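Listed below, chain by chain, are the residues.
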Amino acid sequence: MRIDVLTIFPEYLAPLELSLAGKAREKGLIDVRVHDLRQWAHDKHRTVDDTPYGGGAGMVMKPEPWGEAFDELGIEGATVVFTTPSGQPFTQAVARDLASRERIVFACGRYEGIDQRVLDEAATRAEVREISLGDYVLNGGEVAALAITEAVVRLVPGFMGNAESLVEESHEDGLLEYPVYTKPAAWRGHDVPPVLLSGDHGAIAAWRREQAVRRTAQRRPDLVHPSVPLEGVEIRPVQ
Ligand code: ADE
(Lines give C-alpha, C1' and ligand atoms only; values in the text may rest on other atoms or scores of the structure.)
Protein backbone atom coordinates (compact mmCIF):
# COMPACT_ATOMS: atom_id res chain seq x y z
CA MET A 1 0.00 0.00 0.00
CA ARG A 2 1.25 3.45 -0.84
CA ILE A 3 0.30 6.36 1.44
CA ASP A 4 0.91 10.03 0.58
CA VAL A 5 0.23 12.75 3.13
CA LEU A 6 -0.23 16.36 2.05
CA THR A 7 0.19 18.82 4.91
CA ILE A 8 1.65 22.20 5.80
CA PHE A 9 3.17 20.56 8.93
CA PRO A 10 5.16 17.55 7.66
CA GLU A 11 6.97 17.25 11.06
CA TYR A 12 3.62 16.34 12.60
CA LEU A 13 3.77 13.04 10.72
CA ALA A 14 7.17 12.03 12.15
CA PRO A 15 5.60 9.27 14.32
CA LEU A 16 4.89 7.37 11.11
CA GLU A 17 8.55 6.40 11.24
CA LEU A 18 7.98 4.70 14.59
CA SER A 19 6.15 1.68 15.92
CA LEU A 20 3.47 0.09 13.78
CA ALA A 21 3.74 2.13 10.62
CA GLY A 22 7.54 2.07 10.89
CA LYS A 23 7.49 -1.73 11.10
CA ALA A 24 5.18 -2.01 8.10
CA ARG A 25 7.55 0.26 6.21
CA GLU A 26 10.56 -1.92 7.08
CA LYS A 27 8.68 -5.03 5.95
CA GLY A 28 7.97 -3.30 2.65
CA LEU A 29 4.19 -3.52 3.17
CA ILE A 30 3.65 0.20 3.03
CA ASP A 31 5.41 3.06 1.33
CA VAL A 32 4.65 6.34 3.15
CA ARG A 33 5.57 9.70 1.69
CA VAL A 34 4.92 12.99 3.47
CA HIS A 35 4.78 16.16 1.37
CA ASP A 36 4.87 19.82 2.39
CA LEU A 37 1.96 21.49 0.59
CA ARG A 38 3.89 24.77 0.54
CA GLN A 39 6.21 23.41 -2.13
CA TRP A 40 3.28 24.00 -4.49
CA ALA A 41 2.76 27.62 -3.33
CA HIS A 42 4.84 29.98 -5.44
CA ASP A 43 4.57 33.49 -3.98
CA LYS A 44 7.25 34.93 -1.73
CA HIS A 45 5.48 33.84 1.48
CA ARG A 46 4.35 30.46 0.11
CA THR A 47 0.77 31.38 0.93
CA VAL A 48 -1.71 28.50 1.20
CA ASP A 49 -4.74 30.36 2.59
CA ASP A 50 -6.94 33.37 1.90
CA THR A 51 -10.08 35.06 3.25
CA PRO A 52 -13.44 33.35 2.65
CA TYR A 53 -15.76 34.54 -0.11
CA GLY A 54 -18.99 35.70 1.51
CA GLY A 55 -17.12 36.87 4.61
CA GLY A 56 -16.82 35.27 8.02
CA ALA A 57 -14.10 34.40 10.47
CA GLY A 58 -10.87 32.61 9.69
CA MET A 59 -9.06 31.63 6.53
CA VAL A 60 -9.72 29.06 3.84
CA MET A 61 -7.06 26.93 2.12
CA LYS A 62 -6.56 28.10 -1.49
CA PRO A 63 -7.22 25.62 -4.29
CA GLU A 64 -4.13 26.13 -6.46
CA PRO A 65 -1.45 24.42 -4.29
CA TRP A 66 -3.73 21.40 -3.83
CA GLY A 67 -4.38 21.19 -7.57
CA GLU A 68 -0.69 21.26 -8.36
CA ALA A 69 0.04 18.68 -5.67
CA PHE A 70 -2.62 16.34 -7.10
CA ASP A 71 -1.16 16.80 -10.59
CA GLU A 72 2.40 16.09 -9.49
CA LEU A 73 1.54 13.11 -7.27
CA GLY A 74 -1.00 11.75 -9.76
CA ILE A 75 -4.08 10.88 -7.72
CA GLU A 76 -5.79 8.86 -10.46
CA GLY A 77 -6.97 5.53 -9.04
CA ALA A 78 -6.15 6.53 -5.45
CA THR A 79 -8.50 7.08 -2.52
CA VAL A 80 -8.12 10.68 -1.39
CA VAL A 81 -9.01 11.09 2.29
CA PHE A 82 -9.83 14.60 3.45
CA THR A 83 -9.64 14.66 7.24
CA THR A 84 -12.31 17.02 8.52
CA PRO A 85 -14.67 17.30 11.50
CA SER A 86 -17.56 17.36 9.02
CA GLY A 87 -16.67 13.96 7.56
CA GLN A 88 -17.98 10.43 8.10
CA PRO A 89 -17.04 9.21 11.61
CA PHE A 90 -13.96 6.96 11.57
CA THR A 91 -14.72 3.42 12.77
CA GLN A 92 -13.12 -0.01 12.60
CA ALA A 93 -15.39 -0.77 9.61
CA VAL A 94 -14.01 2.27 7.76
CA ALA A 95 -10.46 1.18 8.67
CA ARG A 96 -11.15 -2.30 7.24
CA ASP A 97 -12.52 -0.78 4.07
CA LEU A 98 -9.51 1.51 3.62
CA ALA A 99 -7.10 -1.38 4.30
CA SER A 100 -8.12 -2.87 0.94
CA ARG A 101 -6.90 0.16 -1.04
CA GLU A 102 -3.69 0.15 -3.07
CA ARG A 103 -3.11 3.83 -2.54
CA ILE A 104 -4.37 6.44 -0.07
CA VAL A 105 -3.64 10.17 -0.31
CA PHE A 106 -4.38 12.11 2.88
CA ALA A 107 -5.24 15.78 2.43
CA CYS A 108 -4.85 17.46 5.81
CA GLY A 109 -6.79 20.70 6.08
CA ARG A 110 -6.03 23.57 8.45
CA TYR A 111 -7.77 26.84 9.28
CA GLU A 112 -11.50 26.89 8.46
CA GLY A 113 -11.10 24.19 5.83
CA ILE A 114 -10.19 23.67 2.18
CA ASP A 115 -11.90 25.40 -0.77
CA GLN A 116 -14.72 23.02 -1.76
CA ARG A 117 -13.55 22.96 -5.38
CA VAL A 118 -10.46 21.01 -4.32
CA LEU A 119 -12.72 18.15 -3.21
CA ASP A 120 -14.88 18.50 -6.33
CA GLU A 121 -11.79 18.40 -8.56
CA ALA A 122 -10.34 15.39 -6.73
CA ALA A 123 -13.67 13.58 -7.09
CA THR A 124 -13.40 13.80 -10.89
CA ARG A 125 -10.08 11.93 -10.72
CA ALA A 126 -10.16 9.67 -7.66
CA GLU A 127 -12.35 8.21 -4.94
CA VAL A 128 -12.86 10.94 -2.34
CA ARG A 129 -13.64 10.23 1.32
CA GLU A 130 -14.21 12.87 4.01
CA ILE A 131 -13.45 11.34 7.38
CA SER A 132 -13.72 12.70 10.93
CA LEU A 133 -11.79 11.33 13.86
CA GLY A 134 -14.64 12.22 16.20
CA ASP A 135 -17.06 14.89 17.28
CA TYR A 136 -14.51 17.44 18.40
CA VAL A 137 -12.37 19.99 16.60
CA LEU A 138 -8.62 19.58 16.22
CA ASN A 139 -6.32 22.31 14.92
CA GLY A 140 -5.90 20.44 11.67
CA GLY A 141 -6.25 17.06 10.02
CA GLU A 142 -2.74 15.77 10.74
CA VAL A 143 -3.53 13.91 13.96
CA ALA A 144 -6.55 12.35 12.24
CA ALA A 145 -4.36 11.21 9.31
CA LEU A 146 -1.92 9.65 11.79
CA ALA A 147 -4.66 7.83 13.70
CA ILE A 148 -6.33 6.58 10.52
CA THR A 149 -2.98 5.40 9.12
CA GLU A 150 -2.19 3.45 12.29
CA ALA A 151 -5.61 1.78 12.39
CA VAL A 152 -5.46 0.91 8.66
CA VAL A 153 -1.86 -0.26 8.42
CA ARG A 154 -2.25 -2.89 11.16
CA LEU A 155 -5.05 -4.45 9.06
CA VAL A 156 -2.94 -4.76 5.91
CA PRO A 157 -2.49 -8.50 5.26
CA GLY A 158 0.91 -9.67 6.44
CA PHE A 159 1.33 -6.90 8.98
CA MET A 160 0.11 -8.47 12.22
CA GLY A 161 2.04 -11.55 13.31
CA ASN A 162 -0.90 -12.99 15.24
CA ALA A 163 -4.10 -12.82 13.16
CA GLU A 164 -6.13 -14.09 16.17
CA SER A 165 -5.42 -10.96 18.16
CA LEU A 166 -6.97 -8.95 15.32
CA VAL A 167 -10.17 -10.99 15.42
CA GLU A 168 -10.49 -10.84 19.21
CA GLU A 169 -9.83 -7.17 19.79
CA SER A 170 -12.30 -4.42 20.62
CA HIS A 171 -14.71 -3.46 17.84
CA GLU A 172 -13.81 -6.32 15.46
CA ASP A 173 -16.87 -8.33 16.60
CA GLY A 174 -18.93 -5.21 17.31
CA LEU A 175 -18.27 -5.45 21.07
CA LEU A 176 -15.73 -3.88 23.39
CA GLU A 177 -13.03 -6.27 24.58
CA TYR A 178 -13.44 -8.30 27.79
CA PRO A 179 -11.05 -7.55 30.69
CA VAL A 180 -7.68 -9.31 30.51
CA TYR A 181 -5.30 -10.59 33.23
CA THR A 182 -1.80 -12.03 33.47
CA LYS A 183 0.39 -13.43 36.26
CA PRO A 184 0.47 -13.27 39.25
CA ALA A 185 -2.94 -14.80 40.07
CA ALA A 186 -3.15 -12.67 43.23
CA TRP A 187 -1.83 -9.11 43.38
CA ARG A 188 -2.32 -6.55 46.16
CA GLY A 189 -5.46 -8.31 47.31
CA HIS A 190 -6.97 -8.45 43.80
CA ASP A 191 -7.54 -11.96 42.43
CA VAL A 192 -7.81 -13.07 38.83
CA PRO A 193 -11.38 -14.38 38.20
CA PRO A 194 -11.17 -18.13 39.08
CA VAL A 195 -12.77 -19.23 35.77
CA LEU A 196 -9.63 -18.07 33.91
CA LEU A 197 -7.53 -20.48 36.00
CA SER A 198 -9.96 -23.39 35.52
CA GLY A 199 -8.61 -24.69 32.22
CA ASP A 200 -12.23 -25.06 31.03
CA HIS A 201 -12.06 -23.45 27.59
CA GLY A 202 -15.84 -23.47 27.08
CA ALA A 203 -16.44 -21.75 30.42
CA ILE A 204 -13.68 -19.22 29.70
CA ALA A 205 -15.14 -18.37 26.27
CA ALA A 206 -18.63 -17.95 27.79
CA TRP A 207 -17.31 -15.73 30.60
CA ARG A 208 -15.39 -13.54 28.16
CA ARG A 209 -18.40 -13.14 25.91
CA GLU A 210 -20.59 -12.20 28.87
CA GLN A 211 -18.02 -9.65 30.08
CA ALA A 212 -17.74 -8.14 26.58
CA VAL A 213 -21.53 -7.80 26.29
CA ARG A 214 -21.80 -6.36 29.83
CA ARG A 215 -19.06 -3.79 29.19
CA THR A 216 -20.48 -2.80 25.84
CA ALA A 217 -24.00 -2.41 27.23
CA GLN A 218 -22.73 -0.26 30.11
CA ARG A 219 -20.26 1.89 28.22
CA ARG A 220 -21.56 1.91 24.67
CA PRO A 221 -25.24 0.91 24.59
CA ASP A 222 -25.34 2.37 21.06
CA LEU A 223 -23.19 -0.57 19.88
CA VAL A 224 -25.34 -3.38 21.28
CA HIS A 225 -27.56 -5.07 18.72
CA PRO A 226 -31.13 -5.69 19.98
CA SER A 227 -30.67 -9.45 19.40
CA VAL A 228 -27.96 -9.70 22.10
CA PRO A 229 -29.44 -11.01 25.40
CA LEU A 230 -28.80 -8.53 28.19
CA GLU A 231 -30.26 -10.21 31.30
CA GLY A 232 -28.71 -8.85 34.45
CA VAL A 233 -26.80 -6.07 32.70
CA GLU A 234 -27.49 -2.70 34.20
CA ILE A 235 -27.68 -0.04 31.50
CA ARG A 236 -26.62 3.32 32.85
CA PRO A 237 -27.90 6.44 31.18
CA VAL A 238 -25.36 8.09 28.88
CA GLN A 239 -24.19 11.40 30.38
N1 ADE B 1 -9.60 18.38 11.61
C2 ADE B 1 -10.03 19.12 12.65
N3 ADE B 1 -10.80 18.41 13.46
C4 ADE B 1 -10.87 17.15 12.93
C5 ADE B 1 -11.53 15.95 13.31
N6 ADE B 1 -12.29 15.88 14.40
N7 ADE B 1 -11.39 14.88 12.51
C8 ADE B 1 -10.66 14.95 11.39
N9 ADE B 1 -10.01 16.04 10.98
C10 ADE B 1 -10.11 17.14 11.75
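All figures in this text were calculated on a predicted structure; none of them were measured in a lab.

1. Considerations on the overall build of the protein chain
In terms of helices and strands, the protein chain carries seven helices and nine strands. In summary, the protein chain has a C-alpha radius of gyration of 22 Å against a globular reference of 18 Å for 239 residues, an excess of more than 25%. Overall size of the protein chain, expressed as C-alpha extent along the three principal axes, is 70 × 45 × 35 Å. Looking at the protein chain as a whole, 25% of its 239 residues qualify as buried. Sequence-distant contacts, at least 24 apart, represent 73% of the contacts inside the protein chain between residues at least 6 apart.

2. Quick notes on the environment of Asp4
Tracing the sequence through the fold places Asp4 in strand β1 (residues 2-7). Separated by 76 residues in sequence, Asp4 and Val80 place their C-alpha atoms 9.3 Å apart. When sequence neighbours within four positions are dropped, the list of residues in contact with Asp4 reads Arg33, His35, Leu73 and Val105.

3. What about the site of the ligand?
Neighbouring the ligand are Thr83, Thr84, Pro85, Ser132, Leu133, Gly134, Tyr136, Val137, Leu138, Gly140, Gly141 and Ala144. The leading source of residues in the shell around the ligand is strand β5 (residues 79-89), at three residues. When its residues are assigned to classes, the shell around the ligand shows six nonpolar, six polar and no charged.

4. What about the UniProt feature "binding site: S-adenosyl-L-methionine" (unreviewed entry) in the protein chain?
In the numbering adopted here, UniProt assigns the feature "binding site: S-adenosyl-L-methionine" (unreviewed entry) to Gly109, Leu133, Gly134, Asp135, Tyr136, Val137 and Leu138. Along the chain, the position of Leu133 falls in the loop between β7 (127-132) and α5 (142-153). When neighbours within four sequence positions are excluded, Leu133 is seen to be in contact with Phe90, Ala144 and Ala147. As for its placement among the helices and strands, Gly134 is situated in the loop between β7 and α5. With 11 C-beta atoms counted inside 10 Å, the residue Gly134 sits in the exposed group.

5. Details of the confidence of the model for the protein chain
Here the protein chain shows a mean pLDDT of 92. Residues at 70 or above account for 92%. Complex prediction metrics read pTM 0.91 and ipTM 0.98.

6. With respect to the nonpolar core
Counting 45 residues, the largest nonpolar core has Val5, Leu6, Val80, Val81, Val105, Phe106 and Ala107 as its most contacted members. Here this core gets six residues from one element, more than from any other, and that element is α5. Those residues within four positions of Val81 in sequence are excluded, and the remaining contacts are Ile104, Phe106, Ala107, Arg129, Ile131 and Ile148.

Rules behind the numbers
Residues numbered from 1 in each chain as written. Predicted model: local features only at pLDDT ≥ 70, side-chain atom pairs only at ≥ 80, totals over all residues. Helix = DSSP H or I, 4+ residues; strand = E, 2+ residues; numbered from the N terminus. Rg over C-alpha atoms; globule rule 2.2 N^0.38 Å. Buried ≥ 20, exposed ≤ 12 C-beta atoms within 10 Å, placed from the backbone. Contact = placed C-beta atoms within 7 Å. Near = placed C-beta within 6 Å. Nonpolar A, V, L, I, M, F, W, Y, C, P; charged D, E, K, R; others polar. UniProt positions renumbered as here; feature names shortened; annotations may be inferred. pLDDT = per-residue confidence, 0-100. Core = buried A, V, L, I, M, F, W, Y, C linked by C-beta atoms within 7 Å.

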